[in-house]
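Residue strings, one per chain:
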Amino acid sequence: MNYYLTEEQQMIKELAAKIADEKIKPVALKYDEEGTFPHDIVKILADSDLFGVYIGEEYGGFGGGIFEMALVVEELSRACGGISLAFAASGLGAFPIILYGTEEHKQKYLPDIASGAKLAAFGLTEANAGSDAAGIQTTAVLDGDEYVLNGTKQWITNGGEAEIYTVIACTNRAKGARGFSAFIVEKGTPGFSFGKKENKMGIRASVTSELVFEDCRIPKENLLSREGMGFIVAMKTLDRTRPGVAAQALGIAQGAFDEALKYSGERVQFNKPISSFQAIQHMLADMAIQIEAARCLVYQTCRLVDSGEKSISKESAMSKVFASDTAMKVTIDAVQVMGGYGYMKEYPVEKMMRDAKITQIYEGTNQIQRNVIALELIKGLKTKK
Amino acid sequence: MNIIVCVKQVPATNEVKMNKETNTIIREGIEAIINPFDTYAIEEGVRIKEKIGGKTTVLSMGIPSVVDLLKETMAVGIDEAVLLSDRTFAGADSLATSYALSMGIKKIGDYDLIVCGKQAMDGDTAQVGPGLAEKLGIPHTTYVRKIEEIKEGYIRCQRMTEDGYEVIEMPLPAVITVVKEINEPRLPSLKGMMRAKRAVVTVLTAKDIGADSDLCGLKGSPTQVVKTFVPVHDVQSEMIEGEPEEQAEKLAKKLLSMQFSTSDSTEVI
Ligand SMILES: Cc1cc2nc3c(=O)[nH]c(=O)nc-3n(C[C@H](O)[C@H](O)[C@H](O)COP(=O)(O)OP(=O)(O)OC[C@H]3O[C@@H](n4cnc5c(N)ncnc54)[C@H](O)[C@@H]3O)c2cc1C
């Protein structure tokens, strides 16, 4: 389907596709097996200027938005949903600065993120605060000109590899979620270290680590927005970046579908290619329908987010739920179409099936997204009365 | 340093189809790409420029649509592009191509180094690089796999051979043709692609470069393609062990036992 991308968007998509096909596809299995971070691919992405697509021109970027970011994530994810996450999670770490940073913050951090010289990361989740993000325990106490951070963040994507972290911590426990604040913490700050590195089912090329703060002192200027705004910073950021997860899911689904379709034409059983069996044909048709529907929703949501529209939680949640459920279903079916070969590591679909799962879990599980959608629906009902 | 990189448009397939009547390559209906060997030439040109400064110009002879391919080279760091395009150039063999390119290079003027791919993927002659050097009256080295040193008026490079390499020094200006071992071509960058989109390619005709039409295109092409085939290399080597005297003796015996006759080594194609 023609989505009438602008010439620039088309160029971004083409370049990301080229990198995915020529550079990522050949190494995706290797990184999956080793579970190591793809420094060489990150360097290629940096050299390609793609890290700057969603950052303003005044900070060395291309002045695009979530749509441009999503186009890159989708294309890279076709080849590897884990490697693409190094790119996407840097965006997640950067958006609090883009949305709430002062001019000084932006001047200081965005150019390096745009050039890919530095990766960013976003730290909200803790051991006892997952879906219930309001339960975080990490504290930040103002002491003179510095905030002192204590606590541990868990499962932080790009943890240890990123240089710039946006972290949510309590500045006033009595106020609950209204007592949270958002901070920028640089790697190398004394008292800031990295704990356990996770061994995961999928997206194994992505690194997921603990961030450990032990009397970590950061300049007072590293506060984003005001004290008490931390929860809002986190929620508004996630509302904007969620279509990025949707794009990751979309790319994984497309990658799996492409493999299954190609294979169905090559595999001969009962003297015919399996693509001649209606059971396979209908599975392929259903996969294609769901992918295209997901793409429509994801692209349109990106356009909505980039338009500056204020109320985007529902749409952003919908795009993430639909695309990630699609990715899960399509990758499972891709394995099915390919039979035993699909189950083997010689073919990439078993990995895609493992990679797809995370998109239903992080940046808010699909259950939580459905809660958000339903709440918005009910809110709409009340205001109509 | 002014570097000129010569590139050719080729069909994007390794199965080249020949027109049986004219024995020339059928180019219709096949996606066109830059000859893959030339992408190493482009990369090397850009690397030299990045290292010691200067300007890179890409030069090609071809149909007007080659302009788009030349723009692509500007996305990976080439500064300027010149296309020689004229009906007079049509049907050129490697001699006429070398001539036209040499005239184009003279028109561009100031140059220190000319870089070509080792051969074109379609014709496989590997003659244009050396031919160009002869037309320009400058030295050349083929199959360059590494540039050891390059500076004003001087280049030292490694020329790949079947069983190793030679180190060759040349004064500049000179021509080199490069093999794929020399580098790994970069991907375009977004900034480069944006620049390429806006870039203007200079298109020159035979008249613009003062080319003699009798030496261009089909008219200037004496080559007759009688037959095409892939030569087979199946040299087998054997190491002779022992003291030098023993080795010499074994070798002599071996040679004598082989009873070379001249009759089967004179087959000419
Ligand atoms: C690989 C990976 C990378 C991650 N990267 C980051 C990162 O970079 N930064 C970051 O801050 N976090 C990150 N996370 C954390 C992620 O966002 C959380 O895992 C996610 O929000 C869910 O929290 P949880 O895992 O604690 O699940 P839980 O909250 O414990 O949920 C368990 C189950 O209960 C369901 N559930 C919970 N509450 C409700 C409810 N009210 N109604 C209905 N169902 C409910 C959930 O849907 C889920 O099925 C990452 C996680 C993973 C696995």
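Residues numbered from 1 in each chain as written. Chains lettered and ligands numbered in written order. Predicted model: local features only at pLDDT ≥ 70, side-chain atom pairs only at ≥ 80, totals over all residues. Heavy atoms only, no water.

Trainee: Describe the site of the ligand, naming the residues involved and giving the relevant values.
Mentor: All names here are of chain A. Taken together, 21 residues lie around the ligand, and T125, S131, W155, T365 and Q367 are the ones closest in. Between L124 and the ligand, the recorded distance is 2.9 Å, taken from a backbone N or O atom to an oxygen atom. Note that a nitrogen atom of the ligand is positioned 2.8 Å from one of the side-chain N or O atoms of T157. A total of 970 Å² of accessible area belongs to the ligand in isolation, and the protein chains cover 65% of it. For the shell around the ligand, the secondary-structure elements that each account for two or more residues are strand 1 (120–123), strand 3 (146–157) and helix 10 (366–384). Looking at which domains feed residues into the shell around the ligand, each of domain 2 (121–230) and domain 3 (231–384) supplies at least three. (Near = heavy atom within 4 Å. Polar contact = N/O pair within 3.5 Å; in protein donor to acceptor, adjacent residues only side chain to side chain. Areas by Shrake-Rupley, 256 points an atom, 1.4 Å probe, with all protein chains shown as cover. Helix = DSSP H or I, 4+ residues; strand = E, 2+ residues; numbered from the N terminus. Domains from an automatic or database assignment.)

Trainee: Any details on the domain arrangement of chain A? Residues and values, ideally.
Mentor: Residue and element names in this part refer to chain A. Split by domain assignment, chain A resolves into domain 1 (7–119), domain 2 (121–230) and domain 3 (231–384). Measuring from the centre of the C-alpha atoms in domain 1 to the corresponding centre in domain 2 gives 22 Å. Taken together, the contact between domain 1 and domain 2 spans 27 residues of the former and 22 residues of the latter. Ranking the residues of domain 1 by area buried against domain 2 places H105, Y109 and L119 at the top, with a combined share of 26%. Between K108 and E186 there is a salt bridge, and its shortest N-O distance comes to 3.3 Å. Mapped onto the side of domain 1 that touches domain 2, the elements with two or more residues apiece are helix 1 (7–34), helix 4 (83–100) and helix 5 (103–115). When residues of the side of domain 1 that touches domain 2 are assigned to their parent elements, the largest contribution, ten residues, is made by helix 4. When the residues that make up the side of domain 1 that touches domain 2 are grouped by side-chain class, the tally is 14 nonpolar, nine polar and four charged. (Contact = heavy atoms within 4.5 Å. Buried area = accessible area lost by both parts, 1.4 Å probe. Salt bridge = Lys/Arg side-chain N within 4 Å of Asp/Glu carboxyl O. Nonpolar A, V, L, I, M, F, W, Y, C, P; charged D, E, K, R; others polar.)

Trainee: So what's going on with a nonpolar patch on the surface? Residues and values would help.
Mentor: A contiguous nonpolar patch, built from L251, L255 and M258 of chain B and spanning about 280 Å² of accessible area, is present on the exposed surface. Looking at the element boundaries, L251 of chain B is found in helix 6 (residues 244–258). (Patch = residues over 30% accessible without salt bridge, like charges linked within 9 Å, V, L, I, M, F, W, Y side chains within 5 Å.)

Trainee: Describe the interface of chain A and chain B, listing the residues and the values that go with them.
Mentor: Between chain A and chain B, the residue contacts involve 18 residues of the former and ten residues of the latter. Carbon and sulfur atoms make up 75% of the surface buried where chain A meets chain B, a total of about 1,200 Å² over both sides. Between K197 of chain B and E7 of chain A there is a salt bridge, with its nearest N and O atoms 3.6 Å apart. Linking chain A to chain B there are five residue pairs in polar contact (both at pLDDT 80 or more). At the level of elements, helix 1 and helix 2 (39–47) of chain A are the ones that each hand at least two residues to the side of chain A that touches chain B. Top element by residues in the side of chain A that touches chain B is helix 1 of chain A. It accounts for ten residues. A class-by-class count of the residues in the side of chain A that touches chain B yields eight nonpolar, two polar and eight charged.

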